[in-house]
Amino acid sequence: MKPITKSVIEKLNEDYHNATRRILFIDFDGILLSFNELPELTTIDPFSLGIITKLTRDKRNRIVVISGRSKNFMDMQFKYIDITLVAENGFFIRKAGKDWVSTINSDLSRKDELKPVMMDYVKRCEGSYLEEKTGSLAWHYKNANDKKTMFLIHEFLKAFSNSFKDNKELEIIKGDKVLEVRIAGFNKGMAASVLLKNEDFDFIFAAGNDQTDEFIFKSLPVSAHTIRAGGETPSLAHYKVGDMTQLMQILEAMIKNATP
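Everything quoted here is computed from the prediction, not taken from an experiment.

Here is what the cut-offs are and how they apply
- Residues numbered from 1 in each chain as written.
- Predicted model: local features only at pLDDT ≥ 70, side-chain atom pairs only at ≥ 80, totals over all residues.
- Heavy atoms only, no water.
- Helix = DSSP H or I, 4+ residues; strand = E, 2+ residues; numbered from the N terminus.
- Rg over C-alpha atoms; globule rule 2.2 N^0.38 Å.
- Buried < 20%, exposed > 50% of the residue type's maximum accessible area, 1.4 Å probe, protein only.
- Areas by Shrake-Rupley, 256 points an atom, 1.4 Å probe, with all protein chains shown as cover.
- Lys, Arg positive; Asp, Glu negative; His and termini not counted.
- Charge placed at Lys NZ, Arg CZ, Asp CG, Glu CD.
- Pairing = 2+ DSSP bridges.
- Phe/Tyr/Trp six-rings, centres within 6.5 Å; stacked < 30°, edge-to-face > 60°.
- Lys NZ or Arg CZ within 6 Å of the ring centre and 35° of its normal.
- Arc of directions from axis to C-beta.
- Contact = heavy atoms within 4.5 Å.
- Polar contact = N/O pair within 3.5 Å; in protein donor to acceptor, adjacent residues only side chain to side chain.
- Salt bridge = Lys/Arg side-chain N within 4 Å of Asp/Glu carboxyl O.

S.K.: How do you make sense of the overall build of the protein when you look at a structure like this?
M.R.: If you tally the helices and strands in the protein, you get 8 helices and 13 strands. Computed over C-alpha atoms, the radius of gyration of the protein comes to 19 Å, within 12% of the 18 Å expected from 2.2 N^0.38 for 260 residues, which places it in the range of a compact globule. Seen along its three principal axes, the alpha-carbon backbone of the protein occupies a region of about 55 × 35 × 35 Å. In the protein, buried positions account for 48% of the 260 residues. For the protein, the exposed surface amounts to about 13200 Å²; the carbon and sulfur share of it is 52%. The centroid of the 37 positive side-chain charges in the protein is displaced by 2 Å from the centroid of its 36 negative side-chain charges.

In structure tokens, the structure reads:
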């Protein structure tokens, strides 16, 4: 992963300009939405929404916004824009103009069995909360004490390993200040692969900011333009930018430099 340079941006603009069929995978939290102490109450930044709206006006573009959020939350964010949405990190996909569909059929009973165990840890971690989704349980701790939280997470992971060591139905994913236990068999990369199947795009772009987005970068062909925003964590993305603002500026420039 290399810092993005002026020459890289120029090449990105050129490839976008020359393409006849484009697909852009854009993460929601951290790319279109900045951190908020109450994430369930936040809405997409107007500037970011404006960029997405402009991208949809070009018929050569297929815009895919991918998130760990629920499908109802994503519907509310983009209710006036007809784009493809991926919710719950790939559990649900809603293609533009279509209804939501589940990507897998799984027994959810093991997830429900784990809920009271996770809830006990969450109660011991002041400032954190548990979000229940169809295919997962997400322990959010952005507002919690770092030192105590890390201790409790280590304790939970050890307990999970001991109690569910033979369980192949659940998996743990670490995101940006969130620990998610979910039904195995789906991720953002698998959702991207579903949307690319039997399609022929000559421009593929993806932007994300945490470990869940690594599945997207891994699933795309080497020719794809992939960017990770923020942090110094090793990534499969080709390039990195400082934050979501810089990423949005790159997208805005790309739109301006392309002909209708």
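S.K.: Just checking my understanding: could you explain the pairing of strand S3 (residues 61-66) for this structure?
M.R.: Along any regular strand the residues' side chains alternate between the sheet's two faces. By the criterion of burial, S3 is predominantly enclosed, with 5 of the 6 residues buried. In this structure, strand S2 (residues 22-27) lies alongside S3, joined through 6 bridges in parallel fashion. In the strand pairing of S3, Leu24 is matched with Ile63. Relative to strand S4 (residues 84-87), S3 is paired through 3 bridges, and the arrangement is parallel. In the sheet register, Val65 faces S4, and the bridge partner there is Leu85.

S.K.: Would you explain the packing of aromatic side chains in this entry?
M.R.: Each aromatic ring pair is specified by the distance between its two centres and by the angle formed by the two planes. For the structure shown, the criterion picks out 10 aromatic pairs. Between Tyr121 and Phe156, the ring centres sit 5.4 Å apart and the planes meet at 75°, which makes this aromatic pair edge-to-face. Residue Tyr121 is located in helix H4 (residues 109-124), and its partner Phe156 is located in helix H5 (residues 146-163); the two are separated by 35 residues in the primary sequence. Given the relative accessible area of 8%, Tyr121 is considered buried. Following the ring pairs from residue to residue traces out a cluster consisting of Tyr121, Trp139, Tyr141, Phe156 and Phe160. Stacked on the ring of Phe201, the Lys or Arg Arg21 has its end atom at 4.5 Å from the ring centre. The lysine or arginine in question, Arg22, covers the ring of Tyr16, its NZ or CZ lying 3.7 Å from the ring centre.

S.K.: Sorry if this is basic, but what is going on with unusual backbone geometry here?
M.R.: When glycine is set aside, most residues are seen to have a negative phi, and most peptide bonds are trans. Even without being glycine, Glu88 reaches a positive phi, approximately 50°. Among the secondary structure elements, Glu88 is positioned in the loop between S4 and strand S5 (92-94). Of note in this structure, Asn198 is not a glycine but carries a positive phi near 60°. Mapped onto the fold, Asn198 is located in the loop between helix H6 (188-196) and strand S11 (203-208).

S.K.: What's the story with helix H2 (residues 46-56) in this structure? I'm lost.
M.R.: Note on helix geometry: an α-helix contains 3.6 residues per turn, so any two residues three or four positions apart are oriented the same way. Taken residue by residue, H2 has Ser48, Ile51, Ile52 and Leu55 as its buried positions. Viewed end-on, H2 has its buried residues packed into an arc of 95°, placing them on one side of the element. The inward-facing, buried residues of H2 contact helix H1 (6-18), S2, S3 and helix H8 (244-256).

S.K.: Got a minute to help me understand the environment of His225 in this structure?
M.R.: When you line up the elements, His225 lands in strand S12 (residues 225-229). Counting along the chain gives 202 residues from His225 to Ile23, while the straight-line C-alpha distance between them is 11 Å. Beyond its immediate chain neighbours, meaning those up to four positions away, His225 contacts Leu12, Asp15, Phe203, Ile204, Phe205 and Ala206. Reaching out from His225, the side chain makes a polar contact with the side chain of Asp15 at a distance of 3.1 Å.

S.K.: Help me understand the pattern of salt bridges in this model?
M.R.: When their charged atoms lie close together, side chains carrying opposite charge are able to pair. Evaluation of the coordinates by the stated rule reveals 18 salt bridges. The salt bridge involving Asp27 is made with Lys188; its shortest N-O contact spans 2.9 Å. Within this pair, whereas Asp27 is found in strand S2, its partner Lys188 is found in helix H6, the two being separated by 161 residues in sequence. Lys188 matches Asp27 in its accessibility class, with the two residues each being buried.

This is a description of form; function is not addressed.
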